[in-house]
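Here is how the chains run, residue by residue.
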Amino acid sequence: MSERVIEVAIEVETDKISESKILELFRILEKCPFYTIPPGDLSIAVVDESTICKLHQEFLEDPTPTDVITFPGDAEADFAGEIAVSIDQAIKEYSQHGNTFEEELFLYLIHGWLHLAGEDDLEEFARQRMRAAEAKVLGWLNDASRKID
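Please read all numbers here as calculations on a predicted model, not as lab measurements.

Colleague: What's the story with the sheet that holds strand S2 (residues 41–47) in this structure? I'm lost.
Modeller: Paired through their backbone hydrogen bonds, the strands of a sheet run either parallel or antiparallel. Spatially, the four strands line up as an open sheet ordered S1-S2-S4-S3, and their pairing is mixed. Pairing within the sheet leaves two strands with one partner each, and these edge strands are strand S1 (6–10) and strand S3 (68–74). Between one strand axis and the next, the sheet turns through 10 degrees on average, direction left out of account. Of the strands in this sheet, S1, S2 and strand S4 (79–86) are in contact with helix H1 (residues 19–29), which crosses S1 at around 145 degrees.

So, in structure tokens, the structure goes:
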């Protein structure tokens, strides 16, 4: 089996995060024993608030800002899916959640990855499962042997 291609597009001017950090996160997530995403290439887009609002409106009929939107892939096209995260939302929210900016953005990316792994958060019970899944993955990531430099 060949290594998954992970394409990262940071579509904003920023020095807060790099493509290499995001790639490193996903290379580690590929080894997660609890959740797996479908085979195929993966696309990650870091976008601004305006872009995430447009995506939110176009695909979910909601024009408000959001943190992450996940698009499922196509197995026949060998495409696992796409995750779009809002850098502006992470900047607004990180200190309110007691996180660093990077931790907040990584939480959004993990959330999107969990959607691709089959988790959902549309109903209250599913939201609770998603929060538990996020905590489980974050705990696993925080193991000293998997810290992202």
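Colleague: Just to check I follow, could you spell out the nonpolar core for this structure?
Modeller: Grouped burial of nonpolar side chains is what soluble globular proteins tend to show. The biggest cluster of nonpolar side chains holds 35 residues, and the ones touching the most others in it are Phe-26, Ile-44, Ile-83, Leu-109, Trp-113 and Val-137. Those elements that place two or more of their residues in this core are S1, H1, S2, S4, helix H3 (87–93), helix H4 (101–116) and helix H5 (124–141). Looking at this core, the element that brings in the most residues is H4, giving nine residues. The contact partners of Val-137, leaving out residues within four places of it in the chain, are Leu-29, Cys-32, Tyr-35, Ile-110, Trp-113 and Leu-114. Core analysis: the next-biggest nonpolar cluster, separate from the first, contains seven residues, Val-47, Leu-55, Phe-71 and Ala-84 among them.

Colleague: Just checking my understanding: could you explain the pattern of salt bridges for this structure?
Modeller: Two side chains bearing opposite charge may form a pair once their charged atoms approach each other closely. In total, this model carries seven salt bridges according to the counting rule given. Between Glu-134 and Arg-131 there is a salt bridge, with the nearest N and O atoms lying 3.0 Å from each other. With a gap of three residues between them, Glu-134 and Arg-131 both fall in helix H5, about one helical turn apart.

Colleague: What is the right way to read the pairing of S1 from this model?
Modeller: Every regular strand shows the same layout, with side chains that alternate between the two sheet faces. Pairing of S1 with S2, which is carried by five bridges, proceeds in the parallel orientation. Across the sheet, Ile-6 pairs through a bridge with Leu-42, a residue of S2. You can see the chain leave S1, run along H1 and come back into S2, and the turn it takes is left-handed.

Colleague: Looking at this structure, I do not really get the layout of surface pockets. What am I missing?
Modeller: Any space left empty among the atoms is revealed by the rolling of a water-sized probe across them. Each pocket or cavity is described by its volume, and for the largest pocket that value is around 400 Å³. Around the largest pocket, the lining comprises 20 residues; the ones closest to its centre are Leu-60, Thr-70, His-115, Asp-121 and Leu-122. Elements represented by at least two residues in the lining of the largest pocket include exactly helix H2 (49–60), S3 and H4. For the lining of the largest pocket, the per-class residue count stands at ten nonpolar, six polar and four charged.

Colleague: Before we go on, may I ask you to explain the packing of aromatic side chains in this structure?
Modeller: A ring pair, where both rings are aromatic, is described by two values, the distance of the centres and the angle of the planes. In the structure shown here, the tally under the stated rule is two aromatic pairs. For the pair Phe-59 and Phe-71, a centre-to-centre distance of 4.9 Å together with 75 degrees between the ring planes defines the contact as edge-to-face. In this pair, Phe-59 is assigned in helix H2 and Phe-71 in strand S3, connecting sequence segments twelve residues apart. Their ring planes at 85 degrees and their centres at 6.3 Å tell us that Tyr-94 and Phe-101 sit as a pair that is edge-to-face. Between the NZ or CZ atom of Lys-16 and the centre of the ring of Phe-101, over which it lies, the distance is 5.4 Å.

Colleague: Help me out: how do you make sense of the environment of Ala-117 in this one?
Modeller: Note that Ala-117 resides in the loop between H4 and H5. The class for Ala-117 is partly exposed, based on a relative accessible area of 24%. Along the sequence, Ala-117 and Thr-36 sit 81 residues apart, while their C-alpha atoms lie 5.3 Å from each other. With residues near it in sequence (within four places) discarded, Ala-117 still touches Tyr-35, Thr-36 and Ile-37.

Analysis parameters
- Residues numbered from 1 in each chain as written.
- Predicted model: local features only at pLDDT ≥ 70, side-chain atom pairs only at ≥ 80, totals over all residues.
- Heavy atoms only, no water.
- Pairing = 2+ DSSP bridges.
- Helix = DSSP H or I, 4+ residues; strand = E, 2+ residues; numbered from the N terminus.
- Axes fitted to C-alpha atoms, helices over the stretch in contact; angles between N-to-C directions.
- Contact = heavy atoms within 4.5 Å.
- Core = buried A, V, L, I, M, F, W, Y, C linked by side-chain atoms within 4.5 Å.
- Buried < 20%, exposed > 50% of the residue type's maximum accessible area, 1.4 Å probe, protein only.
- Salt bridge = Lys/Arg side-chain N within 4 Å of Asp/Glu carboxyl O.
- Right-handed = clockwise from strand over helix to strand, strands pointing away.
- 1 Å grid on protein atoms, 1.4 Å probe; cavity = no way out; pocket = protein on both sides within 12 Å on 5 of 7 lines; lining within 4 Å.
- Points joined across faces, edges and corners; volume = space filled by probe spheres on them.
- Nonpolar A, V, L, I, M, F, W, Y, C, P; charged D, E, K, R; others polar.
- Phe/Tyr/Trp six-rings, centres within 6.5 Å; stacked < 30°, edge-to-face > 60°.
- Lys NZ or Arg CZ within 6 Å of the ring centre and 35° of its normal.

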